[in-house]
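# Reading the structure
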Amino acid sequence: MIIGTVVNASGLPQARLMAASVKRIMPETTIVVCLVERYPVEPLPDIDWIFTAKDISAYIGFHDFEGYMFKFNSLQCATAMKGQLLSYLLKAFPEEEQIVYLDPEMVAFKPFSEIWAMLTYYDVVLTPHHLEPSDPWDCSREIGTLQDGTFNSALVGVRNSDEGRHFADWWVKMTSGDFYGQPKGLYIDQPYLNFVPTFYHTGILHHPGYNLAFWNLHERCRELYWVEDQYYLTDWTLLHCVNFNNTAGLLDSCMNAFIPDNWVYAQMWKNYKQDLEALLPWHSPFSWSYDFFYSGEKISDETRLRYREAKKNRSMDVNPFTLSNESHF
């Protein structure tokens, strides 16, 4: 199995923790990182391959890489590159039958047995944001999920089949940002996953032990326990992986709101932060290299939006990074 992730330089510590956890549990797994930066980095422990986003785009024959990167901020670009990474892995490693995308904030605790089994039959495996409905008076999460997408793109499995490769290529095209009506939220890749069970032979992973995260901490099936040196959820379900995404402090706030007395989760989160802090001295703080014109001028959000809108109406041969915020598109 290959596990791939997408990250910029500032997220390499998280990617290292994810890779180390996978290698402890599944040592035969190959870890591939797509680095969304202009320049490569030195090899890192537990990571088998590190490719730049430009290398991956060139391999799969994706045209106008600079124009593609210019349209997105760092978070949007990381989400848009997930499809490109999957497409690359499926083509570059034809002998590998099972490919899994994991976000860098994920940590593995048990082998991904259920995913392996599903990928022997299904071409795509998706994880839902929610496994239990909320009460009608408390449905704000479901309303938010309607915008962000029913399925979470932090964990996506793909079989190396004709249909699996077709899915990855389709996802690349849908997240390109080159047409009107694109999703407006932060996660531009996720809403398109709503269509995947209809378009492709898709398995939906209903196991609560995968992708435990801030958006599902309230679910009764995901209450966390520590018994005999193992993590368990409700009904003695083994915990396989946790998503420590804390965007805008949402993990901290959801812990306080839904599981304020669960010392097991609190200790697990504390351990993760300590492990992450120990890696920070090895990785200096980085500004995202695609946040700047070649001149060094910072690209404004307004300039990105103007360029994105202009590209929907006409093709542009100029490399936008050679221009400035004063340029007309």
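The model shown is predicted, which means the values in this text are computed figures rather than measured ones. (Residues numbered from 1 in each chain as written. Predicted model: local features only at pLDDT ≥ 70, side-chain atom pairs only at ≥ 80, totals over all residues. Heavy atoms only, no water.)

Quick look at the overall build of the chain now. A count of helical and extended segments in the chain gives 11 helices and 12 strands. Computed over C-alpha atoms, the radius of gyration of the chain comes to 20 Å, within 12% of the 20 Å expected from 2.2 N^0.38 for 329 residues, which places it in the range of a compact globule. Long-range contacts, defined here as pairs at least 24 residues apart, represent 73% of the contacts in the chain between residues at least 6 apart. Carbon and sulfur atoms provide 55% of the accessible area of the chain, an area that totals close to 15200 Å². Where the 25 positive side-chain charges of the chain centre and where its 41 negative ones centre are 5 Å apart. (Helix = DSSP H or I, 4+ residues; strand = E, 2+ residues; numbered from the N terminus. Rg over C-alpha atoms; globule rule 2.2 N^0.38 Å. Contact = heavy atoms within 4.5 Å. Areas by Shrake-Rupley, 256 points an atom, 1.4 Å probe, with all protein chains shown as cover. Lys, Arg positive; Asp, Glu negative; His and termini not counted. Charge placed at Lys NZ, Arg CZ, Asp CG, Glu CD.)

What follows is about the sheet that holds strand E2 (residues 30–35). The sheet built from 7 strands is open, its strands ordered E3-E2-E1-E4-E7-E6-E8 with mixed pairing. The outermost strands of the open sheet, each flanked by one partner alone, are strand E3 (49–52) and strand E8 (202–204). The sheet shows a mean angle of 20 degrees between the axes of neighbouring strands, direction not considered. With 5 bridges joining them, strand E6 (residues 124–128) and strand E7 (residues 151–159) adopt antiparallel strand pairing. Residue pairing across strands places Pro 128 opposite Phe 151, the latter belonging to E7. Across the face of the sheet, helix H1 (residues 12–25) comes into contact with strand E1 (2–7), E2 and strand E4 (98–102) while running at roughly 170 degrees to E1. Packed on one face of the sheet, helix H4 (residues 74–92) meets E1, E2, E3, E4 and E7 and runs near 150 degrees to E1. (Pairing = 2+ DSSP bridges. Axes fitted to C-alpha atoms, helices over the stretch in contact; angles between N-to-C directions.)

This part covers unusual backbone geometry. Phi at Asp 64 is positive, roughly 55 degrees, even though this residue is not glycine. Its location among the elements puts Asp 64 in the loop between helix H2 (53–59) and helix H3 (65–70). Even without a glycine there, the phi angle at Asp 235 is positive, about 60 degrees. Relative accessible area serves as the criterion here: at 71%, Asp 235 is assigned to the exposed category. (Buried < 20%, exposed > 50% of the residue type's maximum accessible area, 1.4 Å probe, protein only.)

Taken together, the buried positions of helix H9 (residues 250–258) are occupied by Leu 251, Cys 254 and Met 255. Axial view of H9: buried residues confined to an arc of 105 degrees, hence all on one face. Structural note: H9 exposes Asn 256 and Ala 257 on the side pointing more than 90 degrees away from its buried face. (Arc of directions from axis to C-beta.)

Attention now moves to the pattern of salt bridges. Tallying each qualifying case throughout the model produces 11 salt bridges. The partner of Asp 103 in a salt bridge is Lys 82, with the nearest N and O atoms 3.2 Å apart. In this pair, Asp 103 sits in the loop between E4 and strand E5 (106–108) while Lys 82 sits in helix H4, placing the two residues 21 residues apart along the sequence. Residue Lys 82 is classed as buried on the basis of its relative accessible area, which comes to 4%. For Arg 304, the salt bridge goes to Asp 291, with nearest N and O atoms at 3.1 Å. Note that Arg 304 is positioned in helix H11 (residues 301–313) and Asp 291 in the loop between helix H10 (263–279) and H11, a separation of 13 residues in sequence. Note on accessibility: Arg 304 and Asp 291 belong to one class, buried. What you see here is one network of salt bridges that share partners, running through Lys 82, Asp 103 and Asp 189. (Salt bridge = Lys/Arg side-chain N within 4 Å of Asp/Glu carboxyl O.)

The next point concerns the packing of aromatic side chains. Scanning the entire structure with this criterion turns up 31 aromatic pairs. Taken together, a centroid distance of 6.4 Å and an interplanar angle of 35 degrees make the contact between Phe 167 and Trp 170 tilted. Of this pair, Phe 167 and Trp 170 are both found in helix H7 (residues 162–174), 3 residues apart, which corresponds to roughly one turn of the helix. The class for Phe 167 is buried, based on a relative accessible area of 0%. (Phe/Tyr/Trp six-rings, centres within 6.5 Å; stacked < 30°, edge-to-face > 60°.)

Here we take up the domain arrangement of the chain. Where the parts come together, the accessible area they lose is often given as the size of the interface. With domains assigned, the chain is organised as domain 1 (2–133 + 142–211) and domain 2 (292–328). Inter-centroid distance (C-alpha atoms) of domain 1 to domain 2 is 27 Å. The interface of domain 1 with domain 2 comprises 15 residues on the first partner and 15 residues on the second. The interface formed by domain 1 and domain 2 includes 1 salt bridge. The residue Asp 64 makes a salt bridge to Lys 311 at a minimum N-O spacing of 2.8 Å. Linking domain 1 to domain 2 there are 4 residue pairs in polar contact (both at pLDDT 80 or more). Broken down by element, the side of domain 1 that touches domain 2 gets its largest block of residues, 4 residues, from H3. Each residue belonging to the side of domain 1 that touches domain 2 can be placed in one class, and the counts come to 5 nonpolar, 5 polar and 5 charged. (Domains from an automatic or database assignment. Polar contact = N/O pair within 3.5 Å; in protein donor to acceptor, adjacent residues only side chain to side chain. Nonpolar A, V, L, I, M, F, W, Y, C, P; charged D, E, K, R; others polar.)

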